[in-house]
Amino acid sequence: MIYTCTLNPSLDYFVQVKDFKPGDLNRIASDKKMPGGKGINVSRVLKRLGVSTQALGFIGGFTGDFIRRELIGEGIHPDFIEVPGDTRINVKIKSANETEINGQSPLVNQNHLEELFLKLEQLTERDALVLSGSIPDSLPPTIYKDMIAGAAGSQAKVILDTSGQALVEAMEAKPFLIKPNHEELGQLFGVTITDVEEAAEYAKRLVSDGIQNVIVSMGGKGAVLAVGDNVFHAEVPKGTLKNSVGAGDSLVGGFLAEYSRGGNVQEAFRYGAAAGSATAFSVDLCTKEAVENLVGQVRVSHIK
C-alpha cells in the first residue's frame, strides 16, 4: 500500500475575479473548492492512475469533513487524525495576477503525534510512505526526520517532498527518495541552479551522501534523476502551461504508480515526468489518459 501523509492539509478555495481590485468590492465570476495539500495531491494522482492509496495526516472541523468526503468520493481511503479547530482554508484569487491567502493551521499536540506514530509502526516492507508539504507551526522542523526514523523498522520506502529546514533535517534519516525543485536543491548548497548540468551535479552529491534516489523538478527544463552512479534527464513534452499547482506532486504520484507496478526506477521516472507534464497542461490534476498520451513523448537520456 502507498500511504501519503499531509501534516498541514487545506481546503483550497479558488476564485476567479475578472479585474481584482484590492481594497474595493470584488465579485466572483466562478469558484471551486478542492482538498489541498501536497500529500493529498499525490493520493489523488495515484488513484487516478489506478493505484490504491491511503491518506494520513491531521484534519479538523467542517473543513476537515469536506476533505474526508471529497477523498472518499474519489475512492481514496482517509485515515486522518482529528484535531481541535478547523483545517485551514487557503484562498487563491485568480485575476490578471494571482493572489494567495493561506489560512492558519489548527493546533497539533503530543497526543495527536503519538497516534500518528502508532500508525507508522503498522507499515511493512511492502509499503511506501510519502511525506509531503509544509509543517504546522505547532510541530518542530524535525518532525519528518522523526517520522522517517519511526518507519525505519518497517523497512517501508519513504518518499520526501518538502523544503527549507524540514528538508535539511529529514535528509539525515536517508529516505528512499527526495524530490526538491531546482530552487530548493540550490538552497541546500547555498547556490543558484539554472541548468540541467548544475542540477545533475548537486543531485549526485546527495546520492553520494546516502539518499538512494533524488529527483529534481525543473519546470519546462524537465527533471533530473540521480540514482547510484547514474544521472538521467527527462525532457518533458511540449505543451501549453495552464496550471503549475500540483505538477511536482503529480511527478511523485506518477513515479510511485509505475514503480509499484514494475520496480524499474528509470521507467518510473519517465512516467512521473509525463504525469507532471499532464497536470501542467491541464486545469486540474492529471488523468490516466492524459499521462499515457504523453509518456511516449518523454525522452530520458543518460547524462552522467
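Up top you'll find the structure we're talking about.
Only a predicted model underlies this, so the values are computations on that prediction, with no experimental measurement involved.

*Asks:* Just give me the short version of unusual backbone geometry, but keep the residues and values in it.
*Replies:* Of note in this structure, Gln155 is not a glycine but carries a positive phi near 65 degrees. By secondary structure assignment, the location of Gln155 is in the loop between α4 (143-152) and β10 (157-161). Even without a glycine there, the phi angle at Lys174 is positive, about 55 degrees. Among the structural elements, Lys174 can be located in the loop between α5 (164-171) and β11 (177-178).

*Asks:* Describe the pairing of strand β8 (residues 98-101), and please don't skip the residues or the numbers.
*Replies:* Two strands pair when backbone bridges link them, and strand β7 (residues 88-94) and β8 are joined in this way by 4 bridges, in the antiparallel orientation. By the bridge assignment for β8, Lys94 is matched with Glu98.

*Asks:* Talk me through the environment of Gly64; I want residue IDs and the actual numbers.
*Replies:* Locating Gly64 in the fold gives a position in helix α2 (residues 61-73). Residues Gly64 and Ile193 lie 129 residues apart in sequence; the distance between their C-alpha atoms is 38 Å. If sequence neighbours within four positions are ignored, Gly64 has contacts with Ile59 and Thr87.

*Asks:* With reference to specific residues and values, describe the pattern of salt bridges.
*Replies:* If you walk through the whole model with that rule in mind, you get 16 salt bridges. For Asp19, the salt bridge identified is with Lys21, shortest N-O distance 2.8 Å. The exposure class assigned to Asp19 is partly exposed, which follows from its relative accessible area of 46%. Classification of Lys21 as partly exposed rests on a relative accessible area of 39%. Across the pair Lys119 and Asp79 runs a salt bridge, and its minimum N-O distance is 3.0 Å. Taken as a pair, Lys119 in helix α3 (residues 110-120) and Asp79 in the loop between β5 (77-78) and β6 (81-82) lie far apart in primary sequence, 40 residues in all.

*Asks:* Give me the lowdown on the sheet that holds strand β2 (residues 10-16), citing residues and values where you can.
*Replies:* The 4 strands lie next to each other as β3-β2-β7-β8, forming an open sheet whose pairing is mixed. The open sheet has two free edges, formed respectively by β3 (30-36) and β8, since each of these has just one partner strand. Taken pair by pair, the neighbouring strands of this sheet meet at an average axis angle of 15 degrees, ignoring direction. Most of the contacts of α2 go to β3, to which it runs at about 85 degrees, and overall it touches β2, β3 and β7.

Rules used in this analysis
- Residues numbered from 1 in each chain as written.
- Predicted model: local features only at pLDDT ≥ 70, side-chain atom pairs only at ≥ 80, totals over all residues.
- Heavy atoms only, no water.
- Helix = DSSP H or I, 4+ residues; strand = E, 2+ residues; numbered from the N terminus.
- Pairing = 2+ DSSP bridges.
- Contact = heavy atoms within 4.5 Å.
- Salt bridge = Lys/Arg side-chain N within 4 Å of Asp/Glu carboxyl O.
- Buried < 20%, exposed > 50% of the residue type's maximum accessible area, 1.4 Å probe, protein only.
- Axes fitted to C-alpha atoms, helices over the stretch in contact; angles between N-to-C directions.

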